[in-house]
Every structure is written in C-alpha cells, then in structure tokens.
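Architecture and fold: a report
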Amino acid sequence: MTTKADRPVILWFRQDLRLADNPALMHAAETGRPIIPVYILDQGSRVCSMGAASLWWLDKSLRALDATLRARGSRLILRRGDSEAELHRLIGETGADAVFMNRLFEPDAFARDADIAHALQAERVDCKGYNAALLHRPGGVLNGAGQPYKVFTPFMKALLATASAPPPTTGPRIVATPADIASDDLDAWGLHPTRPDWSGGFDWTPGEAGASAALSAFVAGGLKSYSVGRDRPAEPATSRLSPHLHFGEISPWRAIQAAREAAADGRVPAAEAEKFVAEIGWREFSAHLLHAFPRMTDTAFRPEYDAMPWRDDAAALTAWKRGRTGYPVVDAGMRQLWTTGFMHNRVRMIVASFLIKHLLIDWREGERWFRDTLVDADLASNVQNWQWVAGSGADASPYFRIFNPVIQGQKFDADGRYVRRWVPELSRLPDRWLHAPWTAPADILAAANLRLGRDYPAPVVDHAEARQRALDALKSVVAGRGAEGD
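Here's what I pulled together on the structure shown here. All figures in this text were calculated on a predicted structure; none of them were measured in a lab. (Residues numbered from 1 in each chain as written. Predicted model: local features only at pLDDT ≥ 70, side-chain atom pairs only at ≥ 80, totals over all residues. Heavy atoms only, no water.)

It is at 10 Å that the axes of helix α5 (residues 152–162) and helix α11 (residues 270–292) come closest, and there the two elements cross at 100°. Classified by the angle their axes make, α5 and α11 are roughly perpendicular. Listed contacts from α11 to F152, F155, M156, L159 and L160 of α5 are V277, A278, G281, W282, E284, F285 and H288. Residues that form the contact of α5 with α11 fall into these classes: 9 nonpolar, 2 polar and 1 charged. (Axes fitted to C-alpha atoms, helices over the stretch in contact; angles between N-to-C directions. Helix = DSSP H or I, 4+ residues; strand = E, 2+ residues; numbered from the N terminus. Parallel < 35°, antiparallel > 145°, perpendicular 65-115°, else oblique. Contact = heavy atoms within 4.5 Å. Nonpolar A, V, L, I, M, F, W, Y, C, P; charged D, E, K, R; others polar.)

The structure is reproduced here in structure tokens:
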C-alpha cells in the first residue's frame, strides 16, 4: 500500500534555475520524499513571452541545471505544453500530491499560478510557493499611506530597512528522483537557432556555475571602480549578471552579499559596493512597480503620455534595429545587441532616447525589439526602463531630457574604442570626427576610405531638428513645463 511518505513531490522550476539559495528545493527536500524536478515550456501562454535570444539562454541554462541535478543523483524532467495540463499529467503518472515552486510576480504569471494552485488544491494536491527572485515580496514594501512607492529613492530606503537576507543554502547533497518518468528531449525543442545560427557572438556561460563565475570576476575587477566604469561602454566594468539574475541562476541576495563582503574586507571601496546594491535595487523597484501596476506593459504609467503623436516610420525603425542610423554610438549599440545579445547600460539609454525622441517612434516598438534580442530581457526592467527614458514612467527621466548622441559618444567613448569595435567601417576615422563623421572634411573621409551614404549612412535625422520636433510633441502632452536640453 502506498503511503504519503512514498508519494513524490513535484519541484516546478521556472525562473529559478539553480540549486543554491532555492527555497522551493530546500522545502521539498525537507519532506524527505522523492522529488520530481520539472521544467515546462509553455509557449502557448502569454506568460512565456521569451524572445529568440532568451530562448538561446534557456537552452543552455536547462542543460546546466540538468547536469547539476545529475551530479546529485537526479535529473531534470522536461515537458512542453500548457502548464496546468502538464502538471496534471505528471501528477497522474507519478501519484505526486504536492507541488513546490518559487513564485513569479509578473502580472500574467502571478494570475496563472494562482489559478493553477486553486485547481490543484481542489484535487487535494498541495501547492507551496516561495520568493527566490527578489529581495522582498512585492506588496511588502509600502509607503506610509499603505501604497506602493512610485519614487525610487524612498523605495530603496524602505526596502533596505525591511528586507533581510535569508541564510545561504547550497541545496541537498542528494536529490532522489524516480527513474521511470518520461521526459522530452531538449534538442527537440529547437531553442538553439539554426538556418542560420546567429548566436556565434554570444560570449556567455549560462547556468548556476556561470553566474557564480561572473559574480567573482566582477567583484575582483569592475566593482572596484563601478560608479565610473559602468558608464564607459568599452570597459569591462559592468557585472554582466543581468541574464543570470533574470533566469534565477543566482540569488540577488548572493550578489549583494558578495559586494558588501568585498567592501568589508577592503577589496573594494564601500561606495562602489553600495552603488551596485542600488542597481540591484532598481531591478527590484521595477518588479514591484509592474506587480502593482500591471497596465505598464501596454500603456504609459503616466496616462497623458499615451496621447503622444508617435510617427509610423518603418524605414527609420529598421535603420535603428540594424545599426544604420548614421549616429555612430547608436549604431554601435544596436550592432552589439544583435551580435552578442547584450548592450551596455549607458548605450541602452542613448539608443532608447534616439528611438523615442529623435525618431518619435513609440517606446513599445523598442521594448518589443529588446525583448526579442536581449539575453537579459526581463519584462519588468525592460518596460520600466523604456518608460523611464520616454518620461512616461514612475520616477522617470524628465520629458525634456533628450540625449545628444554625438556628445554622449564623445563623453563616454572619447577614444572611440567602442564605436570602432562595432562600426568597423569608421575605424580609420580620427577621434575628432568619429562621433559625427558627416562633419569631417572631404580629405579626412578620403584618407579614412569612407564614403558617406555608401560605406556608412548619412544621419537619418538632423539632431537639432529632431530635438525641436520632440520638444514640440512632448509639450503638446505635458503642457506648462519648460523645455531644456542636456
């Protein structure tokens, strides 16, 4: 006779692809019962809105997780289809009577999980959910009026005052999993691109071990001068942890503790460690905002901005996507994105400002492109950051802040290393002319073997004219505010 102690429990992996610091795994192991680790690819649901670059990452991360589980006597079961239907099928096959999972807080996923939990509990299947992705559960950091914070600085202060790090865990040494459970073949999912394979420039190591290595390299290097280096796109000064955090290959608490321990040991300045903590906090702020205001994915956080007179300009949008705008720092960023699945943070702001304000193209077009091409495409961060640049978000950049891409390039890529790497047709142009090649004299262009309009495009818009057009459009929806540029 089968007893409750014999029944397995399901460990449903989603955006928590790690064994260390995984509360769902820890609590499943505490039952002392067999564990069925499963990942369900639910592409028919709006919850699974991963773009091509994210699917590339998922493929490698699932392989890494499976290898880690196998080293502990288990393996990862793969299923494809509707999440609720696949869970029911797995329960029917195995007799499992409990599902352990780490919660997802994006609006659609949160609602979907609640529906699944209610359906399973009605069938006497217990559902246990935990927080593994964020520093604090959304809805748990509120202002004095009991409302969500809409400004980052007081949010961060309240977050640090209320959130506390859980004890670190490494996961059980052995994970006992029944041997006769059917699993899909990951190769059959076709997550890695073919015909063509455009991922040759993806220089990443997805998985829990890759996340740990990235954190160690950052603490030993870029963190020491993070506040300055993070604005220099040619420098390896950023953490490169964003995709690891998005897929849950490392806990945000682990990243914070590593930075603060390095500061306490005197290996990095304390101010640099806290600057990095603030960036983790901005990720947290974005997640809390989206959870509280789910309409942010489709509409402006500040509703008046949905009256913006956006332009429908397919040619300009294509030029932006392909890195053919004629503005070198913009084009360098867009080509880095296409080649590597990543773009430097400073350049993300520049290219977003260019699309929204120079081209007057709806920020949602940019958000969709980033979601498809970024390996770290996190819905909350992506939406929040695009709305920040547009001026339509919570605690957003002022609407009149319009980056001059020439000045931005000269300031943050003064020696041109970033632009020359990603826009090699400009590599022979002297620094003086590099960020505005259309201003170079004919003899300079000839010496650089550069023909504007053929080897490299002329600017798709004039900065001064585009800036004025944007200010006029913005003033039409934000009446009464002054207009100043930077």
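Along its 12 residues, helix α16 (residues 379–390) runs 16 Å from first to last C-alpha, staying within 8% of the 16 Å computed at 1.5 Å per residue. Within α16, the full set of buried residues consists of L379, A380, S381, N382, V383, Q384, W386, Q387, W388, V389 and A390. Of the residues flanking the start of α16, the one acting as N-cap is D378, its side-chain oxygen 3.3 Å from the backbone nitrogen of A380. (Expected span 1.5 Å × (residues − 1). Buried < 20%, exposed > 50% of the residue type's maximum accessible area, 1.4 Å probe, protein only. Polar contact = N/O pair within 3.5 Å; in protein donor to acceptor, adjacent residues only side chain to side chain.)

Our next topic: the side chain of R335. Assignment of secondary structure puts R335 in helix α13 (residues 328–340). In this structure, R335 is in contact with R322, G323, R324, W422, V423, P424, E425 and Y456, ignoring residues within four places of it in sequence.

Right, let's talk about the nonpolar core for a bit. With 93 residues, the main nonpolar core has F276, W320 and F370 as its most contacted residues. Of the residues forming this core, the biggest block, 9 residues, is contributed by α11. Those residues within four positions of F276 in sequence are excluded, and the remaining contacts are F218, L223, Y226, S239, L241, A255 and A259. Counting 33 residues, the second-largest nonpolar core is a separate cluster that includes W57, L58, L65 and F100. (Core = buried A, V, L, I, M, F, W, Y, C linked by side-chain atoms within 4.5 Å.)

A few words now on the pattern of salt bridges. A full pass over the atoms with the stated rule returns 30 salt bridges. Between R63 and D187 there is a salt bridge, with the nearest N and O atoms lying 2.6 Å from each other. With R63 in helix α2 (residues 52–70) and D187 in helix α6 (residues 186–189), this residue pair connects regions lying 124 residues apart in the sequence. The exposure class assigned to R63 is partly exposed, which follows from its relative accessible area of 35%. By relative accessible area, which is 53% here, D187 ends up exposed. (Salt bridge = Lys/Arg side-chain N within 4 Å of Asp/Glu carboxyl O.)

What follows concerns helix α12 (residues 314–322). What α12 keeps buried is the set A316, L317, A319 and W320. The arc that holds the buried residues of α12, viewed along the axis, is 160°, so those residues lie on one side. In α12, the exposed positions angled more than 90 degrees off the buried face are occupied by A314, A315 and R322. Tucked into the core, α12 has its buried residues touching α13, α14 (345–358), α15 (363–373) and α16. Within two residues after α12, G323 carries a phi angle of roughly 70°, on the positive side. (Arc of directions from axis to C-beta.)

Looking now at the sheet that holds strand β1 (residues 9–13). Taking strand neighbours across the sheet as the criterion, the 5 strands line up as β3-β2-β1-β4-β5 in an open arrangement whose pairing is parallel. Unpaired on one side and paired on the other, β3 (77–80) and β5 (126–130) mark the two borders of the sheet. Shown here is a sheet whose adjacent strand axes are inclined to one another by a mean of 25°, direction ignored. In this structure, strand β2 (residues 35–41) lies alongside β3, joined through 4 bridges in parallel fashion. Residue pairing in the sheet places I40 in a bridge with R79 of β3. In this fold helix α1 (residues 23–30) packs onto β1, β2, β4 (98–102) and β5, with an angle of close to 155° to the strand it touches most, β4. Docked against the sheet, helix α3 (residues 83–94) engages β1, β2 and β3, running at close to 150° with respect to β2. (Pairing = 2+ DSSP bridges.)

From the geometry alone we can't say anything about function, so treat these as descriptive.
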